[in-house]
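# Chains, contacts and geometry: an overview
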Amino acid sequence: MLAVRKLTPSFGLSLVEVDPPRALNAGEVLIEVDAAGICGSDVHVYEWTPGYEFMQDSLPVTIGHEFAGRIAALGPGVQSPTLGTAVVVAPSHGCGVCPACHAAHEEFCAARTTIGWVRDGAFARLVIVPARQCFTVPQNLDPEVAALTEPLSVGAQAVKTGGVTLGDNVVVLGAGMIGLSIALMARRAGAARVMVVGKSDEKRLSCAKDLGFKDVVDLDLQPLKDAVQKVFDGPVDVAFEATGVPSSLTDGLSILRRGGILVTTGIHSKPAQLPLTTIVRGKYQIRGSHSAARDIWPAVIRLLASEPDSYRKLISHRLKIQDAITGFELSRRREAVKVIIVPGAQ
Ligand SMILES: [Zn+2]
Ligand SMILES: [Zn+2]
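Residues numbered from 1 in each chain as written. Chains lettered and ligands numbered in written order. Predicted model: local features only at pLDDT ≥ 70, side-chain atom pairs only at ≥ 80, totals over all residues. Heavy atoms only, no water.

### Comments concerning the coordination of the zinc ion (ligand 2)
On the protein side, the zinc ion (ligand 2) has Cys95 (SG), Cys98 (SG), Cys101 (SG) and Cys109 (SG) as donor atoms, found 2.3 to 2.4 Å from it. Considering all 4 donor atoms around the zinc ion (ligand 2), angles at the metal cover 106 to 118 degrees and the coordination shape is tetrahedral. Sequence spacing among the residues donating to the zinc ion (ligand 2) works out to C-x2-C-x2-C-x7-C. Residue Cys95 is found in the loop between strand S7 (92-93) and helix H2 (99-102), and its partner Cys109 is found in the loop between H2 and strand S8 (113-114); the two are separated by 14 residues along the sequence. (Donors = N, O, S within 2.8 Å, 3.2 Å for Na, K, Ca; no water. Tetrahedral: all angles 85-135°; square planar, octahedral: opposite > 155°, others 65-115°. Helix = DSSP H or I, 4+ residues; strand = E, 2+ residues; numbered from the N terminus.)

### Describing the nonpolar core
The biggest cluster of nonpolar side chains holds 54 residues, and the ones touching the most others in it are Leu152, Val170, Phe240 and Leu314. With 7 residues, the top contributor of residues to this core is helix H5 (residues 177-188). Beyond its immediate chain neighbours, meaning those up to four positions away, Phe240 contacts Ala158, Val159, Val164, Val170, Val171, Val172, Leu173, Ile182 and Val263. Residues Leu59, Val61, Val87 and Val129 belong to the second largest nonpolar core, which totals 37 residues. (Core = buried A, V, L, I, M, F, W, Y, C linked by side-chain atoms within 4.5 Å. Buried < 20%, exposed > 50% of the residue type's maximum accessible area, 1.4 Å probe, protein only. Contact = heavy atoms within 4.5 Å.)

### A few points about the sheet that holds strand S12 (residues 193-198)
Within a beta sheet, neighbouring strands are joined by backbone hydrogen bonds and run either parallel or antiparallel to one another. Taken together, the 6 strands give an open sheet; going across it, the order is S13-S12-S11-S14-S15-S16, and neighbouring strands pair in parallel fashion. Each edge of the open sheet carries a strand with a single partner, namely strand S13 (216-218) and strand S16 (285-288). Sheet twist, expressed as the average angle between the axes of neighbouring strands with direction ignored, equals 20 degrees. Packed onto the sheet, helix H6 (residues 202-210) meets S12 and S13 and runs at close to 165 degrees relative to S13. (Pairing = 2+ DSSP bridges. Axes fitted to C-alpha atoms, helices over the stretch in contact; angles between N-to-C directions.)

### Considering helix H4 (residues 149-161)
Over its 13 residues, H4 extends 18 Å from the first C-alpha to the last, a length consistent with the 18 Å expected when each residue adds 1.5 Å. Considered for burial, the residues of H4 that qualify are Thr149, Glu150, Pro151, Leu152, Ser153, Val154, Gly155, Ala156, Gln157, Ala158, Val159 and Thr161. Looking one or two residues beyond H4, the residue adopting positive phi is Gly163, at roughly 60 degrees. (Expected span 1.5 Å × (residues − 1).)

### As for the sheet that holds strand S4 (residues 61-62)
The sheet built from 3 strands is open, its strands ordered S2-S1-S4 with antiparallel pairing. Two strands in the sheet have a free side with no partner beyond their single neighbour: strand S2 (14-17) and S4. Bridging between strand S1 (residues 2-6) and S2 involves 4 bridges; their strand directions are antiparallel. Note on S2: the bridge partner recorded for Ala3 is Val16.

### Some details on the packing of H4 against helix H10 (residues 296-306)
Contact geometry for H4 and H10: axes closest at 9 Å, N-to-C directions at 115 degrees. By crossing handedness, the relation of H4 to H10 is classed as right-handed. Between H4 and H10, the residues in contact are Thr149, Glu150, Leu152, Ser153, Ala156, Gln157 and Lys160 and Ile296, Trp297, Val300, Ile301 and Leu304, respectively. (Left-handed = near helix turned anticlockwise from the far one by under 90°.)

### A few points about the coordination of the zinc ion (ligand 1)
Put simply, the ideal angle at a metal is 109.5 degrees for four donors in tetrahedral geometry and 90 or 180 degrees for six donors in octahedral geometry. Coordination sphere of the zinc ion (ligand 1), protein contribution only: Cys39 (SG), His65 (NE2), Glu66 (OE) and Glu150 (OE), at 2.2 to 2.6 Å. For the zinc ion (ligand 1), the 4 donor atoms are set out with angles of 80 to 156 degrees between them, so the coordination reads as irregular. Sequence spacing of the donor residues for the zinc ion (ligand 1), all on one chain, is C-x25-H-E-x83-E. Taken together, the residues span a long stretch of sequence, with Cys39 in the loop between strand S3 (28-37) and helix H1 (40-47) and Glu66 in strand S5 (residues 66-74) at a distance of 27 residues. Judged by relative accessible area, Glu66 falls into the buried class, the value being 1%.

### So, a nonpolar patch on the surface
Together, Leu274, Leu276 and Ile286 give the surface a local cluster of nonpolar side chains, amounting to about 250 Å² of exposed area. With respect to the helices, strands and loops of the structure, Ile286 is situated in strand S16. With a relative accessible area of 36%, Ile286 lands in the partly exposed category. (Patch = residues over 30% accessible without salt bridge, like charges linked within 9 Å, V, L, I, M, F, W, Y side chains within 5 Å. Areas by Shrake-Rupley, 256 points an atom, 1.4 Å probe, with all protein chains shown as cover. Salt bridge = Lys/Arg side-chain N within 4 Å of Asp/Glu carboxyl O.)

### Describing the layout of surface pockets
Unoccupied space between atoms shows up once a probe the size of one water molecule is rolled over them. Approximately 240 Å³ is the volume attributed to the second largest pocket. Here the lining of the second largest pocket takes 3 residues from strand S9 (residues 126-130), the largest share from any one element. Classifying every residue of the lining of the second largest pocket by side-chain character gives 8 nonpolar, 2 polar and 5 charged. (1 Å grid on protein atoms, 1.4 Å probe; cavity = no way out; pocket = protein on both sides within 12 Å on 5 of 7 lines; lining within 4 Å. Points joined across faces, edges and corners; volume = space filled by probe spheres on them. Nonpolar A, V, L, I, M, F, W, Y, C, P; charged D, E, K, R; others polar.)

### Some details on the packing of aromatic side chains
Under the defined criterion, the tally for this structure stands at 7 aromatic pairs. With centroids separated by 5.5 Å and ring planes inclined at 40 degrees, the aromatic side chains of Tyr46 and Phe328 adopt a geometry described as tilted. In this pair, Tyr46 is assigned in helix H1 and Phe328 in helix H12 (residues 324-332), connecting sequence segments 282 residues apart. Take Tyr46: its relative accessible area is 4%, and that puts it in the buried class. Consider the rings of Tyr52 and Trp117, whose centres lie 5.7 Å apart with planes at 80 degrees: the pair is edge-to-face. With Tyr52 in the loop between H1 and S4 and Trp117 in the loop between S8 and S9, this pair connects stretches of sequence that are 65 residues apart. Cation over ring: Arg187 sits above Phe213, and NZ or CZ is 4.1 Å from the ring centre. (Phe/Tyr/Trp six-rings, centres within 6.5 Å; stacked < 30°, edge-to-face > 60°. Lys NZ or Arg CZ within 6 Å of the ring centre and 35° of its normal.)

### Describing H12
Three or more residues of H12 are buried, namely Ala324, Gly327, Phe328, Leu330 and Ser331. Looking straight down H12, one finds that the buried residues subtend no more than 160 degrees of arc, so they occupy a single side. Looking at the buried positions of H12, the neighbouring elements they touch are S1, H1, strand S17 (315-320) and strand S18 (338-342). Positive phi appears at Arg334, one or two residues downstream of H12, with a value of about 60 degrees. (Arc of directions from axis to C-beta.)

This is the structure we're talking about:
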């Protein structure tokens, strides 16, 4: 079968023919992948920007961690999900034996394994995963929409981390998939107004408008502070950084009310310089958010199933696996919002 693989710790990805998956171990299932999304982090892996050195010992590896499919085979001892069940898969799982895992806080496990980074992922027709990472989705939910569960869960986790509550004013810096996911989930959480901010990012800012956001700002046309003043008439309650650009942290802080919360979600290849005295005096809170705790997943699946068409707007391209590298280039040039690879397409 064809697979998109990272072969060496340098720029690029390769489309290669690989052997069919090995025999399943206890507790594993084989998934036939129906749809797999290209994530911003996959683009970092493609470009091999700093921050992904942890993958080095696992190369070569098939990437792809945002996916939906059906159970094609069960390993020894697996009772559920049953054969043929439609599922999505939480790609990150804990070691199962550390204090965090024992306390049911797998998200804080320091020895997490991620499918598609350090073990073979979903840019291939078949992938082996631990059965307990599977979440059942309604049979009639379009797999392309179901494959959005992972990035939307990341957005939902960030919104939870930021403590967004009813009536909050929110600014999201970054109009990529995670920025848009955060904006959608902040609106769902009851934010009064959500501003989406991008820079030289026409395609994705216009997707924000399609998603129904009225306050969409292009920093090429308007300075951030002016835009925030105009829309909110003052500083805001919560700001999110979803850019990976260090200066976004100071930008985010500059528009917060005292005691406001800045959530950082980007993967930064460079450190940021922060105005610490201002942070102390203003009692600003800076919080990191990454991936999503297990309880977020079923909630997001219910949201997707309740209005699939509104979330489908996030999908800008559908490509065969043969054209996967084109998908990475489109994402890299910000000409795509979400590219979905369909490994079964002929
Ligand atoms: Zn992702
Ligand atoms: Zn653990």
